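Residue-level structural notes
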Amino acid sequence: MDEQVDVVVVGAGPVGLLTAIELTLGGVRVRVLERLAAPSLVAKALGIGPLAVEALQRRGMAEAIAAAEARSLALMNRPAASAAGPRYIGHFAGLSLIRADAQKEPDRRGRPVDQPAVETMLGELAQTLGIEPRRECDVTGFVQQADGVDVAWSSPAGDGRVRCAWLVGCDGGRSRVRKMAGFAFPGTPPTMTMYQAVLDVDLPERLAPSGWRRTEAGVFSYGFLPRRLVMLDFSGPPADRDAPVATAEIEAVLRRISGADVRVAALESASKWTDNTRLADSYRRGRVLLAGDAAHVHTPFGGQGMSLGLVDAANLGWKLAAVMRGDMPDSLLDTYTAERRPVAEAVLANTLAQAAIMRPDPQSGAMRELMAKLLQFDDVNRFIGEMTSGLSTRYELGSTRDEVGRLIGDQAVRHGEVEVSLYALMHAGAGVFLDASPDRQLSSRVAAATDKVCCVAVDGGPSMLIRPDACVAWAGDGSGTEGLADALRRWFNPALDGDAFEPVSAAPARQSPVARA
């Protein structure tokens, strides 16, 4: 048997890489196994939502994201954002009507950064941390033991085995880890076929203008990125989803859906998928966990799939590291399913709704027109925008304060003349305590309770305990400490003395830029 490692992550896509990064930052020995010989260049997600952007920014990738975004905007021939608003908002079912001025936090935005770019920046960070995925390693089986998991794989270099404490499946919608572990994966079967391709057509002007176009035969979009084609064919699912997508197939579907007399002159790459929508019954079975598409599949509208998976990784990674170090009991991992599965349920529901109003029948068209009119109302626009971006996410942590349970965005943290970015404090994977109490008296008590939290004095309140995944775990005003000890025990130190923080009457609640989540 190969040498022992702490955690084996199966899959070196964006979700697997971020999971491995989070674990490594937490002091865990990680082995990443990947079936493919090299990163896939097949066209997939074209953008990521704000919560996924922030998960990467917290690990120091802000500059890489900005550079990738600039390249995408240059390809789309779009100017950079002005101070008046964001560059990229998104759409609902191809209705590009979600407005920045209707959103509560327009600065928290998605970015037109595609999956290969995300994978590249994650790969570079992983390499600096000493994470080297083992490619062409196809997991053939595993056995759960009382104290670990024995994982076996085959590869051109020979078969391998390793003993680990935990196994994480980040191996996509057809996850072998999920199937071998026996997770139930209920949902709805496929009803249509979607295509994405990079190609040249002989008469591109016949497919103008660019953007989503709904016809009597389906939906297509060509030219929003150079040579990029997306099509939704509602005539049924593919007879053989594994069959390569040939030029003749793409051309026939394009001509039928668009109604244009065009020919495919050159096909660089193409992929197809369906609206198969499924969700694992749990994200954990014993010592096996799932993240990303291994746990949930759905129609990938608006880049929600990759974004959902990256936030899964951010939620799971620090918790599994805390368990592996012995800081927390393994019951902490049950909060991973409790927090992330309801978020996936909501995404599955909204993508099913989007697919429904993109269908070419008159009934769907009528509902689509009604939705377009409803989006003119600011409240509806904000609701849909926050739903599809994920900004409405709030984990149920038992607090009546609205900011508790939300994922806090980056912001300036000020104390006197000193100002620092909140996310800059989180690059190493630690939690943060923002201390706005009188004389900043709480910091020393929090520091005594755990060394996994960076304590920072701030000028504006409330004080906040922020987990490594940016979830606000506690908030309090003035010198009030009610609930703080419970939050520290729940997320960082279960052995904390019950008398460590004696409740003090709090001042009336007040808001500040730091409190905004």
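For the structure, see preceding data.
The numbering scheme is per chain: residues are counted from 1 as the chain's sequence reads. Residue-level local features of this predicted model are given only where pLDDT is at least 70; pairs of side-chain atoms are given and counted only at 80 or more, and the full residue set underlies all totals for whole chains, interfaces and linings. Only hydrogens and water are set aside; all other atoms, that is, all heavy atoms of the structure, feed into the side-chain values.

1. Here's the deal with the sheet that holds strand β2 (residues 30-34)
Counted only if it meets this: Note on pairing: DSSP must find at least two bridges between two strands before they are called paired. Strands are runs of DSSP state E lasting at least two residues, helices are runs of H or I lasting at least four, and both sets are numbered from the N terminus onward.
Across the sheet, six strands lie side by side as β3-β2-β1-β7-β16-β15; this open sheet has mixed pairing. The open sheet has two edge strands, β3 (134-135) and β15 (284-285), and neither has a second partner. Of the strand pairs in this sheet, strand β1 (residues 7-10) and β2 are connected by four bridges, and their pairing is parallel. Counterpart to Val9 in the pairing with β2 is Val32.

2. A word on unusual backbone geometry
Here is the rule: Classification of residues uses two cut-offs on accessible area relative to the type maximum, computed with a 1.4 Å probe and protein chains only: under 20% is buried, over 50% is exposed, and between them is partly exposed.
That bond from Ala208 to Pro209 is cis: its omega, -5 degrees, falls within 30 degrees of zero. The linkage connecting Gly461 with the following residue, Pro462, adopts the cis geometry, with an omega of 0 degrees. Tracing the backbone shows Pro462 in the loop between β21 (453-457) and β22 (463-466). A positive phi angle, close to 60 degrees, is found at Glu136, a residue other than glycine. Tracing the backbone through its elements, the reader meets Glu136 in the loop between β3 and β4 (138-144). For Glu136, a relative accessible area of 38% corresponds to the partly exposed category. The backbone of Ala470 shows a phi angle near 75 degrees, a positive value even though the residue is not glycine.

3. So, the side chain of Asn350
Heads up, the rule is: By the convention used here, residues are in contact when the closest approach between their heavy atoms is within 4.5 Å.
By the element assignment, Asn350 lies in helix α8 (residues 334-356). Assessed through its relative accessible area of 3%, Asn350 is described here as buried. With near-sequence residues (within four places) excluded, Asn350 lies in contact with Phe92, Gln304, Met387 and Thr388.

Read these as geometric descriptors, not functional statements.
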